[in-house]
Structures are given as structure tokens and as C-alpha cells.
Amino acid sequence: MENKSVKETGDEIIEEFGLFEDWMSKYEYIIELGKKLPVIDPEFKTEEYKVKGCQSQVWLNADYRDGKIFYRADSDAIITKGIISLLIRVLSGHNPEEVLNADMHFIDKTGLKEHLSPNRANGLTAMIKQMKNLAANYTGKNA
Amino acid sequence: MKTLNLHKDVSFDVQKLREEFPILNQSVNGNPLVYLDNAATTQKPLSVINSIDNYYRTINSNVHRGLHTLSERATEAYEASREKIRDFINAGNTNEIVFVRGTTEGINLVAATFGRTSVNEGDEIIVTGMEHHSNLVPWQNLCREKNANLKFIPVSDEGELILDGFENMLSERTKLVSVVYVSNSLGTINPVKRIIETAHKYNVPVMIDAAQAVSHMKTDVRDLDCDFLAFSGHKIYGPTGIGILYGKENFLEKMPPYQFGGEMIKSVSYEKTVYNELPYKFEAGTPNISGSISIGAAIDFIKSSGYDNLYRHEQELLAYANEKFNSLGGIRIIGTAKEKTSVISFVLEGIHPYDTGTILDNLGIAVRTGFHCTQPLIEQRYKLPGTVRASFAVYNTKQEIDMLAEGLKKVKNMML
């Protein structure tokens with residue numbers, strides 16, 4: 001995974017989503033991803049790490065190791081967790097510049113954005129923004 | 001529609017009624033639409049849609065201004081609707097009927113005029129713990145501005161008001177009691193008449209947020225003896241962007257205008273303005289004319305359906321949903337008051353309302369999830385991250401409740 005570019009991982013997700021016939025199956029897949037998302041420490045589930053603009057609660061933070069960003073996130077809603085899992089898969093393990101310039105075309109191509117109601121799409125946008133903001137904190141730093 | 005001649009023990013002809021609502025006949029996400037978000041807004045019958053259409057096709061013109069024929073026709077229709085509303089809620093006269101944007105504006109108007117002129121430092125306003133934000137935030141804001149105190153009538157675990165201590169809360173410091181008639185998130189029908197009687201013993205005026213009441217039951221302002229009451233057109237099968245503020249004439253007379261401009265004036269010179277009479281003093285600018293007229297069509301729809309039929313049908317749906325939900329298991333109903341309208345707020349054990357709502361939406365079932373604009377009630381009082389709310393209207397069917405129950409089973413299978 002670490003060798004893949006953001007775009008490559010995105011393409012991989014588009015392909016996976018293409019295998020499902022209907023949105024119910026896609027949701028089942030997202031829910032599975034959500035259930036598998038690693039549990040995070042309660043210390044990271046505080047107000048300070050909350051992403052504003054989501055209907056469900058989302059907590060997000062990141063570690064910076066060897067010049068790369070590793071995200072850690074959780075939500076109290078499983079579908080949200082599944083979507084977070086996709087975002088982490090695409091963005092984690094890249095350097096800050098890559099995250100900031102990340103091509104998130106998979107969100108449109110999978111129909112995720114279109115399928116989410118504006119309320120939920122706002123939440124998605126807020127999560128991506130926060131992930132990029134975290135990356136911005138580390139730009140220019142050497143590994 | 002006009003021929004819906006229903007007897008008390010004949011069941012409601014829902015299928016026929018549904019034909020009056022073209023929006024219901026569609027697919028959403030590949031499934032037939034099941035619209036159960038009626039507490040947020042109701043769908044519109046053809047008579048209302050036609051009324052809006054007809055207004056713009058035939059008489060669109062500004063009211064109370066021109067002496068030309070169209071303007072006179074528009075004015076006549078506008079004022080006829082005001083009279084229809086007066087009759088509908090049994091107000092004393094049309095001076096007491098103010099057209100506003102909706103319940104929110106009605107409450108804001110009272111807060112900004114009556115509130116600002118009669119509440120002073122150390123005074124008190126009483127609301128309940130189950131207010132919609134629209135009957136909470138305006139008073140919070142006013143109290144903050146005036147250094148006044150906002151007090152809350154507490155809510156029980158079942159979602160009923162605990163009124164034991166209410167009389168003790170009232171004093172000469174109390175300037176207003178503002179209470180929701182029917183809780184939008186729980187469906188509780190509050191004993192507002194009793195609250196009004198008690199408050200009046202201490203000469204405290206009472207405002208009623210009737211947004212969730214008027215579509216379900218006869219609302220009679222003189223019987224209630226409320227001092228102010230507000231409701232929205234779009235929740236009673238009428239258009240959005242139009243609502244009614246009722247106020248007793250003696251209060252409205254004393255209140256300063258809310259907004260300033262055209263229509264609300266009698267005469268204007270460069271130096272000063274003489275304000276118009278009631279109710280125009282509160283209707284600055286060109287009003288929502290088509291909405292004001294078409295809310296009349298919505299009232300005709302309710303009248304022709306008949307409150308008795310409507311209420312009985314909705315209560316049947318509520319009872320049926322309760323039964324279904326109980327047999328489903330793993331579901332917690334939030335709000336089990338004895339007197340309820342057709343609102344059922346719930347959580348599936350171990351499943352976030354957001355997840356439930358997302359899957360239901362995918363099945364074509366429209367419900368509301370979240371705090372329902374009553375965040376303190378859901379979050380602070382009931383310690384929940386939100387609820388799922390299904391709210392039934394006159395056109396809903398038991399079959400739709402079956403589909404909701406099936407949908408919930410599916411959600412449980414997927415999530416647990």
C-alpha cells in the first residue's frame with residue numbers, strides 16, 4: 001500500500017465499488033470497512049480532535065513519522081467509519097505535500113459524493129479538509 | 001377531495017386521498033417513496049399547488065397599493081385568506097392575524113417587540129425543556145441582551161412536562177411563558193390550556209408554538225386564551241415561507257413594529273413616520289402574497305378532510321407503528337407520553353441514528369435523524385447522539401409502516 005500513489009489507491013477503490021450491483025451492496029461493504037476500522041484510544045476521542053460539520057461524531061488526528069502522515073480516526077456511526085476507512089486508506093502513509101495535492105477523484109467516481117445527501121457530503125468535505133489541514137502542519141518539515 | 005364524506009366509523013379512504021398528492025407517486029433510489037418526515041414538512045395537495053399556480057397565472061399584483069383591477073383582486077384574495085385563518089383558529093378579529101414567514105419569524109417578532117419592550121434586567125421568561133430551537137434561541141438571546149433569566153419547565157423520562165413546580169416558578173418577575181403545544185421530536189401534546197390558566201392567575205402572558213399542533217388538531221385561540229400563537233403553512237399542507245402569528249389585539253397594539261419600510265406606514269415625511277394600523281404595522285414590505293393566499297387552500301384541505309377523520313387516522317397509524325416496533329425488538333422509543341400526535345422517535349439499540357437513516361433513505365424511506373432542532377432535549381436530557389423520527393400525516397398508510405419495519409429489520413441485519 002505504501003508504494004501506491006494516492007491516485008492508484010483511489011483507482012483501486014473505484015474498481016472495487018464497480019463490482020457491486022447496487023448501492024445496498026456498496027453500503028454493506030462500507031459497513032464492513034467501518035467495523036474493521038481499528039479502535040482508537042479514548043485520549044483521541046475528545047473535543048479537540050472532533051471534526052465539525054458531521055451529523056455523527058468524528059474524531060481525527062495524525063502521527064508524523066519518517067516524513068509521512070498516518071491518520072487515526074473514529075466515529076460513533078458505522079457508515080461514517082467506513083468512509084473514514086476509505087479516506088485513511090487513500091491518504092495515510094504519504095508525505096504532507098502528497099496529501100495536500102491529493103487527487104480525490106474516487107469520491108466522485110464511486111458515486112460516494114453523489115449518493116450522500118448534502119448534509120452527509122458536507123461531513124465528508126469537512127473530514128477531507130481536516131485531513132489536509134493536519135498535513136499542512138507538517139509541510140516543509142524534514143523526515 | 002371535497003367529496004370525502006367520511007363517517008365516524010368508516011375507515012379513511014387513504015388511497016383516494018393520496019391521489020391528491022402527486023409527489024408521493026414516485027420512486028426514490030429505486031424504491032417507492034415512503035415519506036415519513038411530515039413533522040419537518042408535509043406534502044402539498046393539488047388544491048394548494050393549483051392555488052399557487054393560479055395566483056401567478058391570473059392575479060399576481062402587489063397588494064394594498066394599486067387601484068388597478070389586478071391589485072384589487074390580489075388584495076381581496078389576500079385579505080380573504082386572512083379572514084379564513086381567523087375563522088380557522090377562532091381569533092376575535094383579523095387585526096390579530098399577522099402574516100409572517102413561519103413559526104420562527106412569529107416567535108422572533110414577539111421576542112423583538114413585546115420581549116424587548118417588556119423584559120428588563122432580572123426579569124424571567126419561562127419555556128420548557130422540550131422547545132424547538134426556534135422557541136428557545138430567541139428567548140436565550142433576549143435574556144442575554146437584557147440580563148434576564150430563562151427558566152425551564154422540566155421534562156420527564158416519558159417526555160411529558162413536569163408541571164408540579166410550575167406555579168412556584170411564576171412571579172412578578174415573569175414576563176412571558178412560551179411553550180410548545182406539541183413536541184416536534186417526541187410528539188407529546190402538552191396541556192397548554194392548563195399552563196395558560198395558571199400563568200394568567202399571575203397575569204403572565206403566554207405564547208404558544210403551535211407549529212406541530214395545527215396539522216393534527218383543532219386549535220382555538222379563544223378557547224385556549226393564549227396571548228400569542230404561531231404556526232407555519234408548510235406543516236399544514238400549505239406552502240413554505242408563510243406562517244401566522246396570532247396575537248391578542250391589546251398586546252399587538254402596544255408593541256412597536258418589527259421591521260420598517262413600505263406597507264407598515266400610514267404617512268411618511270422626511271422627518272418622521274406614522275405607522276400603519278394592525279395588522280399591517282407588522283407586515284413591512286411586499287408580503288408572500290401567493291403563500292398567504294395558498295395557506296387558505298391548505299386550510300380548506302384540512303377542513304374538507306375533517307379534523308376528526310384526520311386525527312383518528314393518524315392515531316391509528318401511531319398505534320400500529322408502536323405495535324410493529326414492539327414486536328421488532330431492540331428498539332427504544334423516545335417519548336411515550338399518554339397524549340401524543342403521530343410522531344415516533346426511536347433508536348435501534350447499538351445503532352447510530354445516522355446509520356439507520358442512511359440505509360432507510362437508500363430504501364426510499366424518508367425519516368429524520370439527529371436532534372430535530374431540539375438539541376438540549378435529545379443530548380442533555382436524554383443523553384442520546386440523536387434519534388430517528390418517523391412522523392405520519394393524513395396520507396400515510398399502514399403498508400408504509402410495514403415497509404419502515406422491514407427497513408429497520410434490514411438495518412439491524414446489516415449493522416449488528
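Residues numbered from 1 in each chain as written. Chains lettered and ligands numbered in written order. Predicted model: local features only at pLDDT ≥ 70, side-chain atom pairs only at ≥ 80, totals over all residues. Heavy atoms only, no water.

All right, on to the overall build of chain A then. Counting its regular elements, chain A contains 7 helices and 2 strands. Shown N-terminal to C-terminal, the secondary structure of chain A runs as helices and strands in the order α-α-β-β-α-α-α-α-α. Each principal axis of the C-alpha distribution contributes one length, and for chain A these read about 45 × 30 × 25 Å. Taken over 143 residues, chain A has a buried fraction of 51%. Residue pairs at least 24 apart in sequence account for 64% of intrachain contacts in chain A once pairs closer than 6 positions are excluded. Counting every atom, chain A has about 7200 Å² of accessible surface; 48% of that belongs to carbon and sulfur. For chain A, the separation between the mean place of its 19 positive charges and that of its 23 negative charges on side chains is 3 Å. (Helix = DSSP H or I, 4+ residues; strand = E, 2+ residues; numbered from the N terminus. Buried < 20%, exposed > 50% of the residue type's maximum accessible area, 1.4 Å probe, protein only. Contact = heavy atoms within 4.5 Å. Areas by Shrake-Rupley, 256 points an atom, 1.4 Å probe, with all protein chains shown as cover. Lys, Arg positive; Asp, Glu negative; His and termini not counted. Charge placed at Lys NZ, Arg CZ, Asp CG, Glu CD.)

Attention now moves to the interface of chain A and chain B. Reports often express the size of an interface as the amount of accessible area lost when the parts come together. Between chain A and chain B, the contact holds 15 residues from the first and 16 residues from the second. Buried surface at the junction of chain A and chain B, summed over both partners, amounts to about 1400 Å²; 59% is from carbon and sulfur atoms. At the boundary of chain A with chain B, the tally comes to 0 salt bridges. Counting across the interface, chain A meets chain B through 5 residue pairs in polar contact (both at pLDDT 80 or more). Of all the secondary structure elements, the ones that give two or more residues to the side of chain A that touches chain B are helix H2 (23-36) and helix H3 (78-91) of chain A. The element that contributes the greatest number of residues to the side of chain A that touches chain B is H2(A), accounting for 6 residues. (Buried area = accessible area lost by both parts, 1.4 Å probe. Salt bridge = Lys/Arg side-chain N within 4 Å of Asp/Glu carboxyl O. Polar contact = N/O pair within 3.5 Å; in protein donor to acceptor, adjacent residues only side chain to side chain.)

Residues and elements named next belong to chain B. An order of E13-E14-E17-E16 is seen for the 4 strands of this open sheet, with the pairing classed as antiparallel. The open sheet terminates on both sides in strands that have one partner only, identified here as strand E13 (331-334) and strand E16 (368-370). Strand-to-strand, the axes of this sheet are offset by a mean angle of 30°, without reference to chain direction. Both E13 and strand E14 (residues 343-348) contribute to a ladder of 4 bridges, which runs antiparallel. Bridged to isoleucine 333 within E14 is phenylalanine 346. Helix-sheet contacts for helix H11 (residues 307-328) involve E13 and E14, and the interaxial angle to E14 is about 10°. Across the face of the sheet, helix H14 (residues 398-415) comes into contact with E13, E14 and strand E17 (387-391) while running at roughly 15° to E14. (Pairing = 2+ DSSP bridges. Axes fitted to C-alpha atoms, helices over the stretch in contact; angles between N-to-C directions.)

A word on the side chain of A:His105. Examined against the element boundaries, A:His105 turns out to sit in helix H5 (residues 105-109). Beyond its immediate sequence surroundings of up to four residues, A:His105 is in contact with A:Lys7, A:Asp11 and A:Ile14.

The next subject is the pairing of strand E5 (residues 124-128) of chain B. All names here are of chain B. Most of E5 is tucked away: 5 of the 5 residues are buried. Residues of E5 alternate between two faces, with Glu124, Ile126 and Thr128 on one and Ile125 and Val127 on the opposite face, all of them buried. Where E5 meets strand E6 (residues 149-153), 5 bridges bridge the pair, whose relative direction is parallel. The residue of E6 that forms the bridge with isoleucine 125 is leucine 150. For E5 and strand E7 (residues 174-180), the ladder comprises 3 bridges, and the chain directions are parallel.

At a minimum axis separation of 10 Å, H2(A) and H14(B) run at an interaxial angle of 40°. In terms of orientation, H2(A) lies oblique with respect to H14(B). Facing A:Met24, A:Tyr27, A:Glu28, A:Ile31 and A:Lys35 of H2(A), the residues of H14(B) in contact are B:Lys410, B:Met414 and B:Met415. Tallied by class, residues from the contact of H2(A) with H14(B) come to 5 nonpolar, no polar and 3 charged. (Parallel < 35°, antiparallel > 145°, perpendicular 65-115°, else oblique. Nonpolar A, V, L, I, M, F, W, Y, C, P; charged D, E, K, R; others polar.)

Right, let's get into the sheet that holds strand E4 (residues 97-100) of chain B. Residue and element names in this part refer to chain B. A sheet is described by the order of its strands in space; here 7 strands give the open sequence E4-E10-E9-E8-E7-E5-E6, paired in mixed fashion. Bordering the open sheet on either side are E4 and E6, each of which pairs with just one other strand. The sheet shows a mean angle of 20° between the axes of neighbouring strands, taken without regard to direction. With respect to the sheet, helix H3 (residues 69-89) is in contact with E4, strand E9 (228-232) and strand E10 (243-247), its orientation differing from that of E4 by roughly 115°.

What follows is about H3(B). In this model, H3(B) (21 residues) spans 30 Å end to end at C-alpha, consistent with the 30 Å of a helix rising 1.5 Å per residue. Remark: B:Asn90 follows H3(B) within two positions and exhibits a positive phi of approximately 60°. (Expected span 1.5 Å × (residues − 1).)

So, on to the side chain of B:Ser391. All names here are of chain B. Note on placement: serine 391 falls in strand E17. Take serine 391: its relative accessible area is 2%, and that puts it in the buried class. In this view, serine 391 contacts Leu36, Asp37, Asn38, Ala39, Ser342, Val343 and Asn396; residues no more than four positions away in its chain are not counted.

A word on H2(A). A rise of 1.5 Å per residue sets the reference length of H2(A), with its 14 residues, at 20 Å; its end C-alpha atoms lie 20 Å apart and thus fit the reference within 8%. When H2(A) is considered as a whole, its buried residues turn out to be A:Trp23, A:Met24, A:Lys26, A:Tyr27, A:Tyr29, A:Ile30, A:Ile31, A:Leu33 and A:Gly34.

Turning to the packing of helix H2 (residues 46-59) of chain B against helix H10 (residues 289-305) of chain B, a few remarks are in order. Residues and elements named next belong to chain B. Two elements in contact, H2 and H10, have axes separated by 8 Å at closest approach and are oriented at 145°. Note that H2 runs across H10; the crossing there is right-handed. Along its contact with H2, which presents Ser47, Val48, Ser51, Ile52, Tyr55, Tyr56 and Ile59, the element H10 presents Ile289, Ser290, Ile293, Ser294, Ala297, Ala298 and Phe301. Of the residues assigned to the contact of H2 with H10, the class counts are 10 nonpolar, 4 polar and no charged. (Left-handed = near helix turned anticlockwise from the far one by under 90°.)

The next subject is the domain arrangement of chain B. All names here are of chain B. Entries for chain B in the domain assignment read domain 1 (14-44 + 306-411) and domain 2 (49-303). Here the C-alpha centre of domain 2 lies 28 Å away from the C-alpha centre of domain 1. Counting residues at the interface gives 39 residues for domain 1, matched by 35 residues for domain 2. Contact with domain 2 buries area across many residues of domain 1, yet Lys44, Tyr307 and Thr341 alone supply 22% of it, more than any other trio. There are 2 salt bridges connecting domain 1 and domain 2. (Domains from an automatic or database assignment.)

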